[in-house]
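# A closer look at the structure
This is what each chain is made of:
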Amino acid sequence: MSDAGKRGLWNALGEARTIYSILLIYCGLHLILRMGLSANFSHAEAEQIVFGQSFQWAYRPGEPPLAAWLSYGAFAAGGRAAVFLLKYAAMALGLFSLFGAGRVILGDVRLAAFATFAAVTGYTFGYLAHADMLSGVLTFSICCGFVWAASQALTRGAPKDYLWLGLIGSLGTLNDYAFLALPVAFAIAVVLTPGMRVRPRPLLGAVLLVLVIVAAYIWMVFGHPLAADGAQSVALMKGAGNYGLAIVFFTLPFVMAFAAIFPRALLPLANGAAQDRRWLRVLGLTILIATVLLLAASMLSGAGKFEPARIAPAFVPLVLWLFLRVKIAGWDVRAGRFFLWFAVATVVLAGVARVAVFELGAPYCKNCGDYWPTQRFATSIGTTGFAKGTIVADSIDLGADLKQWLPDARVVVAGSAPDVFGPAQGLQCLVVWRGNGDMDKAQADYLAYALEARVGANAVRGDVEALLETSKTRRDRLSFVLLPTGSGRCN
């Protein structure tokens, strides 16, 4: 590229509309990539599809309902494509919000762009978010929206800024309880930072708005008959080790590149502008307090797994804090271009890796959900006469993937009360499981005791075998039993 071309590109990065266009293109290309790879749902998407088959105030205890509500609406409106679009629309809004917060806090369009690009150069949101993590993307995006609304409230202070703060805070709580670490940490940080201007009455209104929405939801959940029946709460993690691993996934390789390109930003800083120092203190304290809160929650929550996206309340302020240090320490065009090329290379590598892993992974997969020939399975099931009824699946993933080809069916999975999956529809009851032989004991017990159905002499048994997607040799088998109308609570 000529010097004039480089200067033109660099100048374009100083315009906000250019950055918004880049972020929109980034999300759009990944949406196209997602549509072109596996036709099946990821595990996170499958969970929301299976548990969100109808609109309910509560689905599973311990799981806020926002992701299920949005998935229910998207699937009803446009099926699989709309669910994929939901994730990338949320991602685009989150990145727009992070860039907007950067413009307010950093006061520089290019630095705000770098902070936003940094968010998608870590492993979690640069790669895993595209492979899975529907609710995780929502958590990240709502955290970005909260920081944007908070930055507007603390600088401009208009009533609408506090209204946005309250609305986004409510959405965050209805999506993931881990989100609460961000507003709590941010509020403490503002109180501990002299000179930050807060308007008490609008702030009180925002807090009351959150309390009204969240309290109403909590009241509805505790009064809901499903809240205490047939589901297991999801613990955050087994130990602090998984929490540390989540930090590594979120920050690498970004922090290594940052240290190499902007080394002065990691040294003690000279006195900067008063407003920059205040924001540096607010963001730094927010990161510290949110990290402690999340770590404490993860250690006290018992056995389970800490999902990488749940560290977003600490990570979103981190990228802004780092580039605010860059602003105060000083930087040059050469360093900015180096970081830009790093971001481009990371994004391209992530996209290539997504394609390579999918195209080459079928012979080595264990679960193989991305490669199941679900359309072939559904077509074979359709030859039995089943179209609308209840599918009793041996896994959430299989149930959701069959539902996209049999959208009028209700899917139920062992481990949760049947009513969680919506009302029974009558007609037939189809029991499906992967592999040869009989269904496993857990599925058989669920059919017999939760659904009060029996496999009698009038049941239709069958199976279908087909090649995995992208594989020329490896096959998978689906076994099924079709029960007649009137089989207990199954239909």
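For the structure, check the block above.
Residues numbered from 1 in each chain as written. Predicted model: local features only at pLDDT ≥ 70, side-chain atom pairs only at ≥ 80, totals over all residues. Heavy atoms only, no water.

## Considerations on the overall build of the chain
Within the chain, the regular secondary structure consists of 18 helices and five strands. Burial status across the chain gives 52% buried among its 491 residues. Sequence separation of 24 or more characterises 78% of the internal contacts of the chain that already satisfy a separation of 6 or more. When the accessible surface of the chain is split by element, carbon and sulfur atoms take 64% of a total near 21400 Å². (Helix = DSSP H or I, 4+ residues; strand = E, 2+ residues; numbered from the N terminus. Buried < 20%, exposed > 50% of the residue type's maximum accessible area, 1.4 Å probe, protein only. Contact = heavy atoms within 4.5 Å. Areas by Shrake-Rupley, 256 points an atom, 1.4 Å probe, with all protein chains shown as cover.)

## Digging into the nonpolar core
Phe323 and Val432 are the most contacted members of the largest nonpolar core, which has 157 residues in total. At 20 residues, the largest contribution of residues to this core is made by helix 4 (residues 66–106). In contact with Phe323, not counting residues within four places along its chain, are Leu106, Leu111, Phe114, Ala115, Ala118, Phe254, Phe258, Phe262 and Phe339. (Core = buried A, V, L, I, M, F, W, Y, C linked by side-chain atoms within 4.5 Å.)

## Considerations on the packing of helix 5 (residues 109–119) against helix 15 (residues 333–361)
It is the contact of helix 5 with helix 15, at a shortest axis distance of 10 Å, that shows an interaxial angle of 30 degrees. With respect to each other, helix 5 and helix 15 are oriented roughly parallel. Between helix 5 and helix 15 lies a crossing whose hand is left-handed. Two secondary-structure elements touch here, helix 5 through Phe114, Phe117 and Ala118 and helix 15 through Gly336, Phe339, Leu340 and Ala343. Its residues placed into classes, the contact of helix 5 with helix 15 shows six nonpolar, one polar and no charged. (Axes fitted to C-alpha atoms, helices over the stretch in contact; angles between N-to-C directions. Parallel < 35°, antiparallel > 145°, perpendicular 65-115°, else oblique. Left-handed = near helix turned anticlockwise from the far one by under 90°. Nonpolar A, V, L, I, M, F, W, Y, C, P; charged D, E, K, R; others polar.)

## A short note on the environment of Thr193
Looking at the secondary structure, you find Thr193 in the loop between helix 9 (181–191) and helix 10 (200–222). As for Thr193 and Arg277, which are separated by 84 residues in sequence, their C-alpha atoms are 9.7 Å apart. Aside from chain neighbours lying at most four places away, what touches Thr193 is Arg278, Arg281, Val282 and Leu285.

## Quick word on the packing of helix 2 (residues 16–36) against helix 15
The geometry of helix 2 relative to helix 15 is characterised by a closest axis approach of 11 Å and an angle of 10 degrees between their N-to-C directions. In this view, helix 2 runs roughly parallel relative to helix 15, as classed from their interaxial angle. Residues Tyr26, His30, Leu33 and Arg34 of helix 2 form the contact with helix 15, whose own contacting residues are Val347, Gly351, Arg354 and Val355. Considered class by class, the residues forming the contact of helix 2 with helix 15 number four nonpolar, two polar and two charged.

## A few points about the pattern of salt bridges
Counted under the stated rule, the structure contains eleven salt bridges. For Asp476, the salt bridge identified is with Arg434, shortest N-O distance 2.9 Å. Of the two residues, Asp476 is situated in strand 5 (residues 475–483) and Arg434 in strand 3 (residues 428–434); the sequence distance between them amounts to 42 residues. The residue Arg475 makes a salt bridge to Glu465 at a minimum N-O spacing of 3.0 Å. Highlighted residues: Arg475 in strand 5 and Glu465 in strand 4 (residues 460–467), separated in sequence by ten residues. For Glu465, a relative accessible area of 31% gives the class partly exposed. (Salt bridge = Lys/Arg side-chain N within 4 Å of Asp/Glu carboxyl O.)

## Re the state of the cysteines
Overall, the coordinates contain two disulfides when judged by the stated rule. Two residues share a disulfide in this structure: Cys429 and Cys490, whose sulfurs sit 1.8 Å from each other. As the torsion about the S-S bond is roughly 75 degrees, the Cys429-Cys490 disulfide counts as right-handed. Here Cys490 lies in the segment after strand 5 and Cys429 lies in strand 3, a separation of 61 residues in the sequence. For the pair Cys429 and Cys490, one class covers both residues: buried. With its disulfide-bonded cysteines labelled consecutively along the sequence, the chain is connected as 1-2, 3-4. (Disulfide = S-S within 2.5 Å.)

## Focus on the side chain of Asp161
The residue Asp161 is located in helix 8 (residues 159–175) in this model. In this structure Asp161 comes out as buried when scored by relative accessible area, which is 2%. Residues contacting Asp161, with those up to four places away along its chain left out, are Ala149, Gln152, Ala153 and Arg156.

## Here's the deal with unusual backbone geometry
Most peptide bonds adopt trans geometry, and most residues besides glycine take a negative phi value. Residues Leu252 and Pro253 are joined by a peptide bond in cis, for which omega reads 5 degrees. Structurally, Pro253 is set in the loop between helix 11 (240–251) and helix 12 (254–261). A positive phi is found at Cys368, a non-glycine position, where the angle reads about 70 degrees. Within the fold, Cys368 resides in the loop between helix 15 and helix 16 (374–382).

## Comments concerning the environment of Ala343
The topology assignment puts Ala343 in helix 15. For Ala343 and Ala118, which are 225 residues apart along the polypeptide, the C-alpha to C-alpha distance reads 7.0 Å. Residues contacting Ala343, with those up to four places away along its chain left out, are Phe117 and Thr121.

## Thoughts on the environment of Gly36
By the secondary structure assignment, Gly36 is in helix 2. Given a relative accessible area of 60%, Gly36 falls into the exposed group. Here the alpha-carbon distance between Gly36 and Val355, two residues 319 residues apart in the chain, equals 9.5 Å.

## Things to note about the sheet that holds strand 3
Strand order in the open sheet made by the five strands is 2-1-3-5-4, with mixed pairing throughout. Only two strands of the sheet have a single neighbouring strand rather than two, namely strand 2 (410–413) and strand 4. Averaged over all neighbouring strand pairs, the angle between strand axes comes to 25 degrees, with direction disregarded. Relative to strand 2, strand 1 (residues 389–393) runs parallel, the two being bridged by four bridges. Note that in strand 2 the partner of Val392 across the bridge is Val412. The strands that helix 18 (residues 441–450) touches are strand 1, strand 2, strand 3 and strand 5; relative to strand 3, the one it contacts most, it runs at about 170 degrees. (Pairing = 2+ DSSP bridges.)

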